[in-house]
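Spelled out from the first residue to the last, the chains are:
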Amino acid sequence: MAVNEAIASLAPKQDTAQRVAPVSAGAVIRRILLLLGILVFVVVAIFPVYYMIITTFKANDDLYNLTHFPLWFTDKATFGHVQYLFQKTEFRRWLINSYLIALGTVVITVLTAVPAGYALARLNLPGAGPLSIGIFLTYLVPPSLLFIPLSQVVSRLHLIDNIWALVVIYPTFTIPFCTWLMMGFFKTIPFDIEEAALIDGCNRIQAIRRVVLPLSRAGIFSIMMFAFTLALQEFIYALVFIHGKESKPVTLGVVTDLIRGDVFYWGELMAGGIIAGLPVAILYNFFLDDFIAGITAGSVK
Amino acid sequence: MAIAIGARKRSHVSSRGVVFRSRVLGYLLLAPAMIYIIGLVAVPFFLALKFSLTDATVSNLNGVRGFIGLENFTGLLKDQTFRAALRNTIIYSLVTAVVNSILGTTLAFILLAKFRGKKIVRYLVLLPWTIPIALTIQAWKWMFHPQYSVLNWLGKHTHIITAQYGIQWLGQPKSAMASIIMVNVWRNFPFSAVILLAGLTSIPQDIIDAAKIDGANWFTRYRKIIVPMIAPILFIGLLFNLVFNFTDLTIVFLLTQGGPGNATEVLATYAFKVGIASGQLGRGAAVTLFLFPILFLFSIVFLRQLRKREI
């Protein structure tokens, strides 16, 4: 009886009307396969993250003992690595740098991408179509192609080893995509609303400020999140432009300063990765749907 | 409403000034973004073109001989490491894109099904994509450790790995290539999945229902409705994937630095070594420009796809 119930509970939930029909064996097998599939994907996806967390809290004697079970603690868990990270390294500085850089990137991105998105979506500019596609295509020009000339631009601006270098450079990859996203958002606001404001005696800029911007708050918020997390994830430009310990963002600092010659501080490395990485993952999740909508907007209609 | 339309018409007809003013405003609004993109994407791109035709170095921006024509490019084609890098880049990006698409499609169909806790499952499977890769790559490096590799431990205890000392993941040419591919796939398949999922959920259920009523079995439904409808989106996902993999620097640089030997050297890491680490700007820029024709090709295909949709 209990087994039957268990099997029935594995079957897909159906509406009341269909529930009377007996559950077929095929449906149960499909359900079991589905659950197995979910399990495999989840385990593969989170195993490295899980292992990072375990390593973070493992004492060195436990970590570097081949007879110990690696997937759980044999000795007592410790905060030693986290303490070391905050007390003996520049980790706190790197975290602050990362967030400052990301904030700067967000400000520049919003100030450029929102007006541009509006102009391209709404003002019937001659050449708006090719221009907007051109902007999107610059998203496909990767850092790997630009870092050599940009290193010269940055040194010409006397910004080498300065977090401002990254604040200036990061918008190059956030602006194109965010402009594209904002175009999409502005297009969903009915033109009539804006027109009504214009007729009521607002000029264009007042209409934008009082009607369009409040209505696109969700869109603006998601490009802010997008720019913020992308800036936190970046590595290549930081590697090329920043060398001093003091000005590194966390992605660079953790991987360069916690490896001294051949000595890797594995506990500290994993601790740094988890502390810096998980908040980004949580943020990312909030705006993920908008992000996907933006990428797929070009292909589904 | 009728009044509104009339008013709008009148204002457009009555004064050209309104249209003109909104055009000026439009270009003004567009200007900051355009200046940014021109100044920090287009100009640097042409700067790279210029560098690639000279023997410029970090200490001597004009080079000793200055303009040297295509010498950097012809030199590269004879360079063993460069040729290895080109070959590796193609293998690396193609294999990862294909494996990614297969795993991504599977995951997308799984996420399409109804089950409890889907939100949490989605969050968990997306972790590889949402945590900065520069940080998680250290976890992989730790899992690939020559002595303490947990993957070897797991492999030996499940009797999948039989070699006495396990696999030297990053120490052997073939396994090093397999390792960077594995990490890239781990990082990117969730992304392929969510893109595809967006495509799948955009297919109106009533179309599928109508086909069911008309007697189409699931195979016909897939072949005639679902596949054609998600093909463009699958294609866009694949395109992004190829572009990102083709130009990837972070994974390879942090995991193997192109080693052992030049077994995992790719164009981006080689460009970094030549152009930044040893300061040969001209030659380094030439390496990166080999990325461009392929990116250009991608863009053309992408544009085609966009245009097809609009007709």
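All figures in this text were calculated on a predicted structure; none of them were measured in a lab. (Residues numbered from 1 in each chain as written. Chains lettered and ligands numbered in written order. Predicted model: local features only at pLDDT ≥ 70, side-chain atom pairs only at ≥ 80, totals over all residues. Heavy atoms only, no water.)

1. Describing the interface of chain B and chain A
Next, step 1: Facing the 94 residues of chain B at the interface are 103 residues of chain A.
Next, step 2: When chain B packs against chain A, the two sides together hide about 8900 Å² of surface, and 81% of this comes from carbon and sulfur.
Next, step 3: Among the residues chain B hides against chain A, the three largest losses belong to Tyr36(B), Leu135(B) and Trp142(B). Together they make up 9% of the total.
Next, step 4: On the surface where chain B and chain A come into contact, there are 0 salt bridges.
Next, step 5: Examining the composition of the side of chain B that touches chain A, we find that 19 residues originate from one element, helix 2 (residues 16-52) of chain B, more than from any other.
Next, step 6: Of the residues assigned to the side of chain B that touches chain A, the class counts are 72 nonpolar, 15 polar and 7 charged. (Contact = heavy atoms within 4.5 Å. Buried area = accessible area lost by both parts, 1.4 Å probe. Salt bridge = Lys/Arg side-chain N within 4 Å of Asp/Glu carboxyl O. Helix = DSSP H or I, 4+ residues; strand = E, 2+ residues; numbered from the N terminus. Nonpolar A, V, L, I, M, F, W, Y, C, P; charged D, E, K, R; others polar.)

2. Some thoughts on the domain arrangement of chain A
Residue and element names in this part refer to chain A.
Next, step 1: Each assigned domain of chain A is listed with its residue range as follows: domain 1 (2-78) and domain 2 (88-296).
Next, step 2: For domain 1 versus domain 2, the distance between C-alpha centres works out to 35 Å.
Next, step 3: Counting residues at the interface gives 7 residues for domain 1 and 7 residues for domain 2.
Next, step 4: Summed over the three residues of domain 1 that lose the most area to domain 2, namely Met52, Thr56 and Tyr64, the buried surface amounts to 64% of that side.
Next, step 5: Taken together, domain 1 and domain 2 are joined by 0 salt bridges.
Next, step 6: Counting across the domain 1 and domain 2 interface gives 1 residue pair in polar contact (both at pLDDT 80 or more).
Next, step 7: Among the elements that take part in the side of domain 1 that touches domain 2, helix 3 (residues 25-56) stands out by supplying 5 residues, more than any other.
Next, step 8: Residues that form the side of domain 1 that touches domain 2 fall into these classes: 5 nonpolar, 2 polar and no charged. (Domains from an automatic or database assignment. Polar contact = N/O pair within 3.5 Å; in protein donor to acceptor, adjacent residues only side chain to side chain.)

3. A look at helix 12 (residues 267-277) of chain B
Next, step 1: Within helix 12 of chain B, 8 of the 11 residues are buried, which leaves the element mostly enclosed by the surrounding structure.
Next, step 2: Looking only at helix 12 of chain B, the buried set comprises Leu267(B), Ala268(B), Thr269(B), Tyr270(B), Ala271(B), Phe272(B), Val274(B) and Gly275(B).
Next, step 3: Looking at the packing, one finds that the buried side of helix 12 of chain B touches helix 8 (143-156) and helix 14 (236-241) of chain A together with helix 3 (71-78), helix 4 (80-112), helix 11 (250-255) and helix 13 (281-289) of chain B.
Next, step 4: Note on helix 12 of chain B: the residue one or two positions beyond its end, Gly279(B), has a positive phi of about 70 degrees. (Buried < 20%, exposed > 50% of the residue type's maximum accessible area, 1.4 Å probe, protein only.)

4. Considerations on the pattern of salt bridges
Here the idea is simple: oppositely charged side chains can pair when their charged atoms come close.
Residue and element names in this part refer to chain A.
Next, step 1: Under the criterion given, the structure shown has 6 salt bridges over all chains.
Next, step 2: We note a salt bridge from Lys248 to Asp257, for which the minimum N-O separation is 2.7 Å. Each of the two residues, Lys248 as well as Asp257, counts as buried.
Next, step 3: Several salt bridges share partner residues, and in doing so they unite Arg122, Glu194 and Arg204 into one network.

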